[in-house]
Amino acid sequence: MDDPQLLRYSRHIMLDEIGIEGQQRLLDATVLIVGLGGLGSPAALYLAAGGVGRLLLADGDTVDLTNLQRQVIHTEDSVGVNKAESARQQLARMSPATQVEVIPARLDEASLDSLVARADVVLDCTDNYKTRHAINRACVQHRKPLVSGAALSFAGQLAVFDNRQAEAPCYHCLFPEQGDGGAQNCATFGVFSPLVGIIGTMQAAEAMKLLGEFGSPETGRFLMFDALKNDWQTLRLPRDPMCPVCGGKPRP
Ligand SMILES: [Zn+2]
């Protein structure tokens, strides 16, 4: 770390739990963010500001006026621009040293496979079950930690699946595939603007804890948040021994 970096990240470094070693681990890390919408916006901003060295940003959509109510990394100037590219432009203004790679496409299995292999932690910030399951399969296969977030209406969800652990449950253990493609999205149901900020920011926090090796990541727990009541509920996630994605495979 050079002097400007020591200064820039000094409020992290002075925390005993992080220190220079933890900050260096963040600087050396690569995070894949799939989806630069409501969850991916705050997650990308905090991961870049907090000093994660490299971000892989994947999104095939373009910014729409209806996104700006909650997707805070984008501006009116970015309407019509690819979301990953728009996010890159904003991050370049805030933190030019952060290496940002843009994947301006909806990810297929092959591209997911190569991107997940390069990442230290993966953030699922998407809004459909098909992509969520594809991300989960790649993370289980490559044994990469997956931080999953979801937000709809006033309800938020957060879960950390640490696929490095032999007995960790995966996303499929929690939400078996039902093949409906997942029509539950914000365009249909609406979503409370700050809710995506709360959940997306928590995804960034959990990713940084995993990367910096401090605190207790919410591994194997499922958090549900009710923004109307400001109420959190936590469930322990059991592994499904019959899970076709992680259950049948030995993970030594
Ligand atoms: Zn599983």
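Residues numbered from 1 in each chain as written. Predicted model: local features only at pLDDT ≥ 70, side-chain atom pairs only at ≥ 80, totals over all residues. Heavy atoms only, no water.

## Structural notes on unusual backbone geometry
Although it is not a glycine, glutamate 213 sits at a positive phi angle of roughly 60°. Within the secondary structure layout, glutamate 213 lies in the loop between α10 (193–212) and β7 (221–226). One non-glycine residue, asparagine 230, lies in positive phi territory at about 50°. Mapped onto the fold, asparagine 230 is located in the loop between β7 and β8 (231–236). (Helix = DSSP H or I, 4+ residues; strand = E, 2+ residues; numbered from the N terminus.)

## A closer look at helix α7 (residues 129–142)
Here α7 is 14 residues long and its end C-alpha atoms lie 20 Å apart, about the 20 Å a rise of 1.5 Å per residue gives. Along α7, the positions that sit buried rather than exposed are Thr131, Arg132, His133, Ala134, Ile135, Asn136, Ala138, Cys139 and Val140. In this structure, the buried residues of α7 make contact with β1 (30–34), α6 (109–118), β4 (121–124), β5 (146–152) and α8 (171–174). The distance from a side-chain oxygen at the start of α7 to the backbone nitrogen of lysine 130 is 3.3 Å, and the residue carrying that oxygen is asparagine 128. (Expected span 1.5 Å × (residues − 1). Buried < 20%, exposed > 50% of the residue type's maximum accessible area, 1.4 Å probe, protein only. Contact = heavy atoms within 4.5 Å. Polar contact = N/O pair within 3.5 Å; in protein donor to acceptor, adjacent residues only side chain to side chain.)

## Here we look at the coordination of the zinc ion
Around the zinc ion, the donor atoms from the protein are Cys170 (SG), Cys173 (SG), Cys243 (SG) and Cys246 (SG), and they sit 2.3 to 2.4 Å away. Donor residues binding the zinc ion come from one chain and are separated in sequence as C-x2-C-x69-C-x2-C. (Donors = N, O, S within 2.8 Å, 3.2 Å for Na, K, Ca; no water.)

## Some words on the packing of α6 against α7
Interaxial distance between α6 and α7 falls to 9 Å at its minimum, and their mutual angle equals 45°. Judged on the interaxial angle alone, α7 and α6 are oblique. For the pair α6 and α7, the sense of crossing is right-handed. Residues Glu109, Leu112, Asp113, Val116 and Ala117 of α6 form the contact with α7, whose participating residues are Ala134, Ile135, Arg137, Ala138, Cys139, Gln141 and His142. (Axes fitted to C-alpha atoms, helices over the stretch in contact; angles between N-to-C directions. Parallel < 35°, antiparallel > 145°, perpendicular 65-115°, else oblique. Left-handed = near helix turned anticlockwise from the far one by under 90°.)

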